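Geometric and topological summary
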Amino acid sequence: MTDVTLEKLTKSYPGADRPAVDNISIDIGSGSLTALLGPSASGKSTVLKMIAGLLSPSSGDILFDGRSVLRQPPDKRDAVLVFQEHLLFPYMTVAENIGFGLKMRRRPKDEISSAVDGMMELMQLDGLAARKPNQLSGGQQQRVALARALVLRPKLLLLDEPFSSLDANLRVEMQGLLRTLHAEFDTTMLFVTHDQEEAVALADSIALLLDGKLRQHDTPDGFYARPQDRSVATFFGAKNFIEGQRQAGIFDCAFGQIRLPDNAPVGGHTLTFRPENVKLVSEAGGINSFPAIIKSIQFLGSQTRLQLTSSDIRFEALVSPFSAASLQSGQQVMVQLPPEVLWLVP
Ligand SMILES: Nc1ncnc2c1ncn2[C@@H]1O[C@H](COP(=O)(O)OP(=O)(O)OP(=O)(O)O)[C@@H](O)[C@H]1O
């Protein structure tokens, strides 16, 4: 396991008008499963390649367990990078692909063969040893790519959009497998994804990159409960942003005097709350409750989306289909925003 620290890491490609990676500082804890999350072109792959040693930073440092690795070539970093396109050797069998790294390290033949057998079993690749990559499904190819990386027992495993080419069911299966592997191997894992749901489902910490900058590094629930700013909240699906004035523990806005939680950040002037945290209540008078008119109702299967307005301010709620069963557009309802689900962003 390796603790990875990025210190003011910056990469500017020649001719670009802004750095692809801009002054990123972060500590990726030893043994963690961390997602590097961001939309396309936010700099995720560039960070991964610099950590793997395939690209040199323009400035800043990369430390493994407190020591700079900038002068170490990729093969000396004990970090293995698995690409989205698997990049298996097409002319080698599955077993040869998996054993390739150990062969390069000149390990004895019987050691390679037992390590390969062990990985084939762990990755549920039994019976496929003699196949060539083009005789495998996409999911099987991804398993072979993971096996080829993990057989080297790297201290750091880097995965670039590992499951993006797989269909939804296979994706969920591979995500489960990755979590199992993380629990089984003493490896720090850092994976790149543009999919916020995948990051939340898999990672124990998420680093969000937007335009090459690190916007927030937090636990998955931290991004929902405590987004640092509006762009972070929006990336995580927040819809409700209400302008107003903060006065101590109260937010004065179109909904009235809304009581804030004690930990609401100082300096925030926009109230945000998740649609799923809006409560429908039967009576007026509760804390942070106010009337609203239903503008539209959309059945989504396991939830129902309500578009609401109160004092001409639109907001969204997600409620259970059961509690929405008797509702109609145009109807007035009482809603409640419990203080603990509220947050302020700048
Ligand atoms: N070799 C290169 N030369 C010049 N510019 C590059 C190079 N590689 C990447 N870039 C640019 O750097 C920026 C970040 O690219 P990067 O591939 O790191 O983003 P990403 O977040 O991984 O995107 P994606 O999810 O689309 O793969 C982009 O604007 C891209 O065009």
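Residues numbered from 1 in each chain as written. Predicted model: local features only at pLDDT ≥ 70, side-chain atom pairs only at ≥ 80, totals over all residues.

Per an unreviewed UniProt entry, the protein carries the name ATP-binding cassette domain-containing protein and comes from Sneathiella chungangensis.

Bringing the overall build of the protein into the picture now. Across its full length, the protein holds 9 helices and 20 strands. C-alpha extents for the protein along the principal axes are approximately 75 × 45 × 35 Å. When burial is assessed residue by residue, the protein has 36% of its 346 residues classed as buried. Within the protein, contacts between residues separated by at least 24 positions form 66% of all contacts whose residues are at least 6 apart in sequence. (Helix = DSSP H or I, 4+ residues; strand = E, 2+ residues; numbered from the N terminus. Buried ≥ 20, exposed ≤ 12 C-beta atoms within 10 Å, placed from the backbone. Contact = placed C-beta atoms within 7 Å.)

The next thing to look at is the pairing of strand 8 (residues 188–193). With 6 of 6 residues buried, strand 8 lies mostly within the body of the structure. Covered by surrounding structure in strand 8 are T188, L190 and V192 together with M189, F191 and T193, the residues of both alternating faces. Bridge count between strand 3 (residues 33–37) and strand 8: 5 bridges; the pairing is parallel. Looking at strand 8, one finds that T34 is bridged to L190. Strand direction decides the pairing type here: strand 7 (residues 156–160) and strand 8, joined by 5 bridges, are parallel. Bridge pairing in strand 8 places L158 opposite L190. Note that the unit made of strand 7, helix 5 (residues 168–184) and strand 8 has a crossover that is right-handed. (Pairing = 2+ DSSP bridges. Right-handed = clockwise from strand over helix to strand, strands pointing away.)

Here we come to the nonpolar core. Of all hydrophobic cores here, the largest spans 83 residues; its most connected members are L36, I98, M119, A147 and L158. Among the elements that take part in this core, helix 4 (residues 138–150) stands out by supplying 6 residues, more than any other. Built from parts of two domains, this core gets at least three residues from each of domain 1 (4–225) and domain 2 (238–345). (Core = buried A, V, L, I, M, F, W, Y, C linked by C-beta atoms within 7 Å. Domains from an automatic or database assignment.)

Looking now at the packing of helix 2 (residues 94–104) against helix 4. Relative to each other, helix 2 and helix 4 sit at 30°, their axes nearing to 7 Å. With respect to their mutual orientation, helix 2 and helix 4 come out roughly parallel. The element helix 2 and its partner helix 4 pack so that their crossing is right-handed. Contacts between helix 2 and helix 4 pair V94, N97, I98, F100 and G101 from the former with V144, A147 and R148 from the latter. (Axes fitted to C-alpha atoms, helices over the stretch in contact; angles between N-to-C directions. Parallel < 35°, antiparallel > 145°, perpendicular 65-115°, else oblique. Left-handed = near helix turned anticlockwise from the far one by under 90°.)

This part takes up the site of the ligand. Surrounding the ligand, one finds Y13, A16, A20, G38, S40, A41, S42, G43, K44, S45, T46 and H194. Residues that form the shell around the ligand fall into these classes: 4 nonpolar, 7 polar and 1 charged. (Near = placed C-beta within 6 Å. Nonpolar A, V, L, I, M, F, W, Y, C, P; charged D, E, K, R; others polar.)

So, about the sheet that holds strand 4 (residues 59–64). Here 4 strands make up an open sheet; going across it, the order is 2-1-4-5 and the pairing antiparallel. Edge positions in the open sheet fall to strand 2 (21–28) and strand 5 (67–68), since each of these has one partner strand only. Strand direction decides the pairing type here: strand 1 (residues 4–11) and strand 4, joined by 5 bridges, are antiparallel. Along strand 4, the bridge assignment pairs V4 with F64. Strands strand 1, strand 2 and strand 4 of the sheet are contacted by helix 1 (residues 44–52), whose axis makes an angle of about 120° with strand 1.

All right, on to the domain arrangement of the protein then. Taken domain by domain, the protein comprises domain 1 (4–225) and domain 2 (238–345). Centre-to-centre separation of domain 1 and domain 2, based on C-alpha positions: 40 Å.

A word on unusual backbone geometry. With a phi close to 70°, A41 is a non-glycine residue in the positive phi region. Locating A41 in the fold gives a position in the loop between strand 3 and helix 1. For A41, a count of 13 C-beta atoms within 10 Å corresponds to the partly exposed category. Its identity is not glycine, yet A248 carries a phi of approximately 50°, on the positive side. By the secondary structure assignment, A248 is in the loop between strand 11 (240–247) and strand 12 (250–253). In this structure A248 comes out as exposed when scored by C-beta crowding, with 6 C-beta atoms within 10 Å.

Here helix 2 crosses helix 3 (residues 109–122) at 130°, and the two axes come no closer than 9 Å. Relative to helix 3, helix 2 is oriented oblique. The handedness of the crossing between helix 2 and helix 3 is right-handed. Here A95, I98, G99, L102 and K103 of helix 2 come into contact with helix 3, specifically with I112, A115, V116, M119 and M120.

A separate point is the sheet that holds strand 15 (residues 279–281). The strand order across the open sheet built from 5 strands is 15-19-16-17-18, with neighbouring strands paired in antiparallel fashion. For this open sheet the edge positions go to strand 15 and strand 18 (313–319), each flanked by a neighbour on one side alone. Mean inter-strand twist for the sheet, computed between neighbouring axes without regard to direction, equals 50°. As judged from the 3 bridges shared by strand 15 and strand 19 (residues 332–336), these two strands associate in the antiparallel manner. Within the sheet, the bridge partner assigned to V281 lies in strand 19 and is M334.

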